[in-house]
Amino acid sequence: METQRQQKIGRLLQRDLGQLFQIELKTIAPGTLVTVTKVYVSPDLSTAKVFLSLFGPKDKKVLLENFKTHSKEIRLLLGKRVRHQLRIIPDLFFYLDDSLDYIERIDNLLQE
């Protein structure tokens, strides 16, 4: 169960990461629409699980590895954006959110 503080920080990180991916970090995922679907922050606020939904690429796992290798750069840019709201910027761990793929698969099964 997330506390209210964790939820607020998660929403803050989700909003700012989404803006970073749209504006400043287009080189990490060229030609791909990146959406931050959810951010879970640990109780001690030191780590954050970032769930990404990727539209466009054929191989999403390669692109996810690209995000993982650039996590320090992303954390630095995020820290510059939220430096007045957070004392410690959490370490970012990226995961693939496949809920939309799952929903599409269920819809296809129901239509058959």
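Predicted, not measured: the structure shown is a model, and the values here were computed from it. Within each chain, residue numbers correspond to sequence positions counted from 1 in written order. In view of the model being predicted, local features appear only for residues whose pLDDT reaches at least 70, and side-chain atom pairs are presented and counted only at 80 or more, with totals across whole chains, interfaces and linings using the full set of residues. Excluded from the side-chain calculation are hydrogens and water; included are all heavy atoms of the structure.

*Asks:* Honestly, the side chain of E2 in this entry has me stumped. Any pointers?
*Replies:* Position of E2 relative to the elements: it lies in the segment before helix 1 (4-23). Under the scheme applied here, a residue whose accessible area is under 20% of the maximum for its type counts as buried, over 50% as exposed, and between as partly exposed, the area being computed with a 1.4 Å probe on protein chains only. Within this scheme the basic residues Lys and Arg register as positive and the acidic residues Asp and Glu register as negative, but His and the chain ends are omitted. A carboxyl oxygen of Asp or Glu within 4 Å of a side-chain nitrogen of Lys or Arg is what we treat as a salt bridge. Despite being buried, E2 has no salt bridge partner; K38 is the closest side chain of opposite charge, sitting 4.4 Å away. When residues no more than four places from it in sequence are discounted, the contact partners of E2 are Q7, K38, V39, Y40 and V41. Under the DSSP-based scheme used, a helix requires at least four consecutive residues in state H or I and a strand at least two consecutive residues in state E, with every element numbered from the N terminus. The contact criterion used throughout is that any non-hydrogen atoms of two residues lie within 4.5 Å.

*Asks:* Quick question: what am I supposed to make of helix 3 (residues 71-81) here?
*Replies:* Residues separated by three or four positions in an α-helix point in the same direction, a consequence of the helix having 3.6 residues per turn. Among all positions in helix 3, only S71, I74, L77, L78 and G79 are buried. Of the surrounding secondary structure, the elements contacted by the buried residues of helix 3 are helix 1, helix 2 (60-69) and strand 3 (91-96).

*Asks:* Is there a simple way to think about the nonpolar core in this case?
*Replies:* Soluble globular proteins: nonpolar side chains tend toward being buried together. Joining through side-chain atoms within 4.5 Å is the link that ties buried Ala, Val, Leu, Ile, Met, Phe, Trp, Tyr and Cys residues into a set, and such a set is a nonpolar core. Counting 28 residues, the largest nonpolar core has L17, F21, L52, F67, I74 and F94 as the members making the most contacts within it. Those elements that provide at least two residues to this core are helix 1, strand 1 (33-41), strand 2 (47-55), helix 2, helix 3 and strand 3. With six residues, the top contributor of residues to this core is helix 1.

*Asks:* How should the packing of helix 1 against helix 3 be read in this particular structure?
*Replies:* The geometry of a pair of packed helices is captured by two quantities: the angle between their axes and the separation between those axes. Each axis is a line fitted through C-alpha atoms, taken for helices only over the stretch in contact, and angles between the N-to-C directions span 0 to 180 degrees. In contact at an axis separation of 10 Å, helix 1 and helix 3 are set at 115° when each is read in the N-to-C sense. Helix 3 is crossed by helix 1, and the crossing has right-handed handedness. Within the contact between the two elements, helix 1 uses L13, D16, L17, Q19, L20 and F21 and helix 3 uses I74, L77, L78 and R81. For this scheme, ten residues count as nonpolar: Ala, Val, Leu, Ile, Met, Phe, Trp, Tyr, Cys and Pro. Four count as charged, namely Asp, Glu, Lys and Arg, and the remainder, Gly too, count as polar. Counted by class, the contact of helix 1 with helix 3 contains seven nonpolar, one polar and two charged residues. Each helix crossing is assigned a hand: it is left-handed if the near helix lies turned anticlockwise from the far helix by less than a right angle, otherwise right-handed if that turn is clockwise.

This is a description of form; function is not addressed.
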